[in-house]
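# Summary of structural features
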Amino acid sequence: STSEGNSQRMPPFLNKVAGAVPQKGTRRQGIDGLSFREIAEQLSPHLRSYYRYSGSLTTPPCTEGVTWFVAWHALPLSPDVQHLLSHLQGDNSRPTQPLYGRSVRYVP
């Protein structure tokens, strides 16, 4: 465990999400038995401290007006889930952008 007391175990809801990712060319469908409450309860230990800032999406059209919440500690992922997520969208990031007067807030 980390000094913040976060579990090094991947939150179980991510297995449900990974199992519901559609194969290329198939339709998306809902995830049975997964509630917002379950996600929030499993993520809360990992999100006690975070950074918050206003920005934009990282994929075209890079729409503005997005509020980003970035965890202070990385969320543990199994190698299978990490592989799935990294190949799901492809390269979904763009180079780091200047702040242009925006502020990044640390929430302990």
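These figures come from a predicted structure and were not determined experimentally.

Summed over all chains, the structure comprises four aromatic pairs. Ring plane angle 55° and centroid distance 5.6 Å describe the contact between Y50 and F69, whose orientation is recorded as tilted. Of this pair, Y50 sits in strand 1 (residues 50–56) while F69 sits in strand 2 (residues 64–71), and the two are 19 residues apart along the sequence. Given a relative accessible area of 51%, F69 falls into the exposed group. Ring centres 5.6 Å apart and planes at 45° place the aromatic pair Y51 and W72 in the tilted group. Residue Y51 is found in strand 1, and its partner W72 is found in the loop between strand 2 and helix 3 (79–88); the two are separated by 21 residues along the sequence. Members of the aromatic cluster, connected to one another through ring pairs, are Y51, W72 and Y106.

The next point concerns the pairing of strand 1. For a regular strand, side chains alternate in direction, first toward one face of the sheet and then toward the other. Here seven bridges tie strand 1 to strand 2, and the two strands are oriented antiparallel to one another. If you follow Y51 over to strand 2, its bridge partner there is V70. As paired elements, strand 1 and strand 3 (residues 105–107) share three bridges and run antiparallel to each other. Across the sheet, the residue bridging to Y51 is Y106, located in strand 3.

Thresholds, definitions, all that
Residues numbered from 1 in each chain as written. Predicted model: local features only at pLDDT ≥ 70, side-chain atom pairs only at ≥ 80, totals over all residues. Heavy atoms only, no water. Phe/Tyr/Trp six-rings, centres within 6.5 Å; stacked < 30°, edge-to-face > 60°. Helix = DSSP H or I, 4+ residues; strand = E, 2+ residues; numbered from the N terminus. Buried < 20%, exposed > 50% of the residue type's maximum accessible area, 1.4 Å probe, protein only. Pairing = 2+ DSSP bridges.

Taken by themselves, the reported measurements are silent on function.
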